[in-house]
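# Secondary and tertiary structure notes
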Amino acid sequence: MTITASLAATHFSYMRPRLLAFARLQLRDSAAAEDVVQETLLTAFEKSTTFEGRSEFETWVFGILKFKILDQLRHQKKQGRWQPLDDDLDDDTLDRLFEANGHWQPNARPNDWGKPEHVLENQHFWQVFDACMLALPDNIARIFSLRELIGLSTEEICKETGVSETNCWVILHRARLRLRECLDNGWVR
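Since the structure is predicted, the reported quantities are computational estimates derived from the model, not experimental observations. (Residues numbered from 1 in each chain as written. Predicted model: local features only at pLDDT ≥ 70, side-chain atom pairs only at ≥ 80, totals over all residues. Heavy atoms only, no water.)

Residue position: Thr 43 is located in helix H2 (residues 30–47). Here the side chain of Thr 43 touches Lys 68 through a polar contact of 3.3 Å, side chain to side chain. What Thr 43 contacts, discounting residues up to four positions off in sequence, is Ile 64 and Lys 68. (Helix = DSSP H or I, 4+ residues; strand = E, 2+ residues; numbered from the N terminus. Polar contact = N/O pair within 3.5 Å; in protein donor to acceptor, adjacent residues only side chain to side chain. Contact = heavy atoms within 4.5 Å.)

Once that is clear, we can look at the pattern of salt bridges. Using the criterion set out here, one finds 7 salt bridges in the structure. With a closest N to O distance of 2.1 Å, Glu 58 and Arg 18 form a salt bridge. Of the two residues, Glu 58 is situated in helix H3 (residues 57–78) and Arg 18 in helix H1 (residues 5–27); the sequence distance between them amounts to 40 residues. Classification of Arg 18 as partly exposed rests on a relative accessible area of 33%. In this structure, Glu 52 engages Arg 54 in a salt bridge whose closest nitrogen and oxygen atoms are separated by 2.2 Å. Judged by relative accessible area, which is 74%, Arg 54 ranks as exposed. Residues joined by salt bridges that share partners form a network here, namely Arg 16, Arg 24 and Glu 34. (Salt bridge = Lys/Arg side-chain N within 4 Å of Asp/Glu carboxyl O. Buried < 20%, exposed > 50% of the residue type's maximum accessible area, 1.4 Å probe, protein only.)

Counting residues in hydrophobic clusters, the biggest one holds 45 residues, and the most contacted among them are Leu 19, Leu 65, Ile 69 and Met 133. Secondary-structure elements contributing two or more residues to this core are H1, H2, H3, helix H6 (123–135), helix H7 (138–149), helix H8 (154–161) and helix H9 (165–188). (Core = buried A, V, L, I, M, F, W, Y, C linked by side-chain atoms within 4.5 Å.)

Within the secondary structure layout, Gly 151 lies in the loop between H7 and H8. Those residues within four positions of Gly 151 in sequence are excluded, and the remaining contacts are Ser 145 and Leu 146.

A word on the packing of H3 against H7. Relative to each other, H3 and H7 sit at 150°, their axes nearing to 12 Å. Our classification of the angle between H3 and H7 gives roughly antiparallel. Here H3 and H7 pass one another in a crossing that is left-handed. On H7, the residues touching Lys 66, Leu 70, Leu 73 and Gln 76 of H3 are Arg 142, Leu 146 and Leu 149. Among the residues forming the contact of H3 with H7, the class breakdown is 4 nonpolar, 1 polar and 2 charged. (Axes fitted to C-alpha atoms, helices over the stretch in contact; angles between N-to-C directions. Parallel < 35°, antiparallel > 145°, perpendicular 65-115°, else oblique. Left-handed = near helix turned anticlockwise from the far one by under 90°. Nonpolar A, V, L, I, M, F, W, Y, C, P; charged D, E, K, R; others polar.)

See below:
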């Protein structure tokens, strides 16, 4: 299945705000996000005749964006703008959520979100999720995004960021805990 240039342009104007929001969330830099989205749209437009329809067109364009974001993150690292992670990350989140024996604090137990497939279809959920991602410290958000939103393996993340595998898993665990707590406060309650 090929897509015409005019149809692609129509799709691009509809997708651009979501592409930009995703890029800003990953890069934490509006100018870099704008550049990456422009490069993505240009690449997708130039290659739109090769789109085979094995996925939704938007999914295909987001795939291009993910690679452009990874390229930008590598560029930031090369330019020295990638801040290394501190080994002494804040344990306050863990301390507040768990008792010494590893059980949940009574007031910190996860809330029931109902059916996950319905939650994921809700626009308000995604607005809260974006806000929660922005509230994470930059490096924790970046590691989480590389794993869960861009789909890199732990090995690839460690290679890209220079963190150890153990540290990567700790960061991912802390990110998930903080996101769950934030989502519980902003979405469920």
